[in-house]
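# Commentary on secondary and tertiary structure
What follows is each chain in one-letter form.
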Amino acid sequence: MIAASPPVALTATPAHIALAGAAVQAITVANPGKAVAVVEARLAGFALDLRGRPRVVVQRDRSIVLSVAPQRFALAPGATGTVLVASTIHRDTGAGDHVGLVLFTTQPRGGGGVGVRMQVGVPVTIRVPGAVRRRVVFESIRLERRMLELRFHNTGNVTATIGARRFRIELSRSSRALATLRVRRRELLPGAHSIVGVRVPTRIHGRIRAVVEADDGAGGMLRRAFSRRLRDR
């Protein structure tokens, strides 16, 4: 059985674009649906919450200027279009990564029926030339409802991908290994805080030593040891 094309559909590629300073890049927008899609392109702010989930924010980074063209266009069923994204850098903009978001939104069709909108976002990273600072700090660790929560902070000026190859927490007591907890990779925007949680086996309690190890996504390794008494709250 061949699945029918949805009445409203929209895709955008690439899923993320990176611009080096003042530059221009194209985004290909496609309509795999079976009806004409009227699309609006607009700019917004982009952030990751403490759990690493992407979100749209109203406040944009004013130190860089993004523009998109065209801002409104129609795509026939099966058709594709090209949108150009351009960045402009203010003279006093700090070096490092600055982020924004291009939002593509379909407009409801006229006539009767229920209006349906679809929205696709493409994050944009602008790398401003200058000294690059890479520094991620593991700040604290705590246990709540058998979940060990690690809080960390990107104090550098570029986006960091923590744990692309290794991200683990070694638990021990008196030099005796208790468990190795595997942590999923996490992306941190410059200046952002993040929290990851991993479940601790119920057999582990009392005072333990927790050693966090992770690669920083740029060839370096991060490591910090914590000594804590783990109790459920």
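Now for a quick tour of the structure. Quantities reported herein were computed from a predicted structural model and do not represent experimental measurements.

It is worth spelling out the overall build of the chain at this point. For the chain, the helix and strand inventory stands at zero helices and 19 strands. Rg of the C-alpha trace for the chain: 22 Å, well past the compact-globule value of 17 Å for 233 residues, more than 25% over. Its C-alpha atoms give the chain principal-axis dimensions of about 70 × 55 × 30 Å. Looking at the chain as a whole, 43% of its 233 residues qualify as buried.

With that settled, consider the sheet that holds strand β18 (residues 206–215). One open sheet holds the four strands; their spatial order is β15-β14-β18-β19, and the pairing between them is antiparallel. Unpaired on one side and paired on the other, β15 (176–182) and β19 (221–230) mark the two borders of the sheet. Taken pair by pair, the neighbouring strands of this sheet meet at an average axis angle of 20°, ignoring direction. Pairing geometry for β18 and β19, over ten bridges, is antiparallel. When the bridges of β19 are listed, D215 appears paired with M221.

With that settled, the discussion passes to the packing of aromatic side chains. The full count for this structure, using the stated rule, is three aromatic pairs. Consider the rings of F138 and F152, whose centres lie 5.8 Å apart with planes at 75°: the pair is edge-to-face. Of this pair, F138 sits in strand β11 (residues 136–144) while F152 sits in strand β12 (residues 147–154); the two residues are 14 residues apart in sequence, bridging distant segments of the chain. Given the relative accessible area of 4%, F138 is considered buried. When the centroid spacing of 6.0 Å and the interplanar angle of 75° are considered together, the rings of F152 and F167 count as edge-to-face. Of this pair, F152 sits in strand β12 while F167 is found in strand β14 (residues 167–173), placing the two residues 15 residues apart along the sequence. Assigned by exposure class, F152 and F167 land together as buried. Among the aromatic residues, ring-to-ring pairing joins F138, F152 and F167 into one connected group.

Strands belonging to one sheet form pairs held by backbone hydrogen bonds; the direction of such a pair is parallel or antiparallel. Taken in spatial order, the three strands of this open sheet run β11-β12-β17, and their pairing is antiparallel. In the strand order of this sheet, the two ends are held by β11 and β17 (193–199), each with one partner. In this sheet, neighbouring strand axes are inclined to one another by 20° on average, regardless of whether the strands run parallel or antiparallel. In this structure, β12 lies alongside β17, joined through seven bridges in antiparallel fashion. What sits directly across from L148, in β17, is V198.

Mapped onto the elements, H153 comes out in strand β12. Excluding residues within four positions of it along the chain, H153 makes contact with R135, V136, V137, E139, L188, G191, A192 and H193.

To continue, consider the pairing of strand β4 (residues 37–48). Across the twelve residues of β4, nine count as buried, placing the element largely inside the fold. Bridge count between β4 and strand β9 (residues 96–106): six bridges; the pairing is antiparallel. Residue L43 lies in a different strand from β9, and its bridge partner there is V102. Pairing between β4 and strand β5 (residues 54–57): four bridges, direction antiparallel. If you follow A47 over to β5, its bridge partner there is R55.

Each value, and the rule that gives it
Residues numbered from 1 in each chain as written. Predicted model: local features only at pLDDT ≥ 70, side-chain atom pairs only at ≥ 80, totals over all residues. Heavy atoms only, no water. Helix = DSSP H or I, 4+ residues; strand = E, 2+ residues; numbered from the N terminus. Rg over C-alpha atoms; globule rule 2.2 N^0.38 Å. Buried < 20%, exposed > 50% of the residue type's maximum accessible area, 1.4 Å probe, protein only. Pairing = 2+ DSSP bridges. Axes fitted to C-alpha atoms, helices over the stretch in contact; angles between N-to-C directions. Phe/Tyr/Trp six-rings, centres within 6.5 Å; stacked < 30°, edge-to-face > 60°. Contact = heavy atoms within 4.5 Å.

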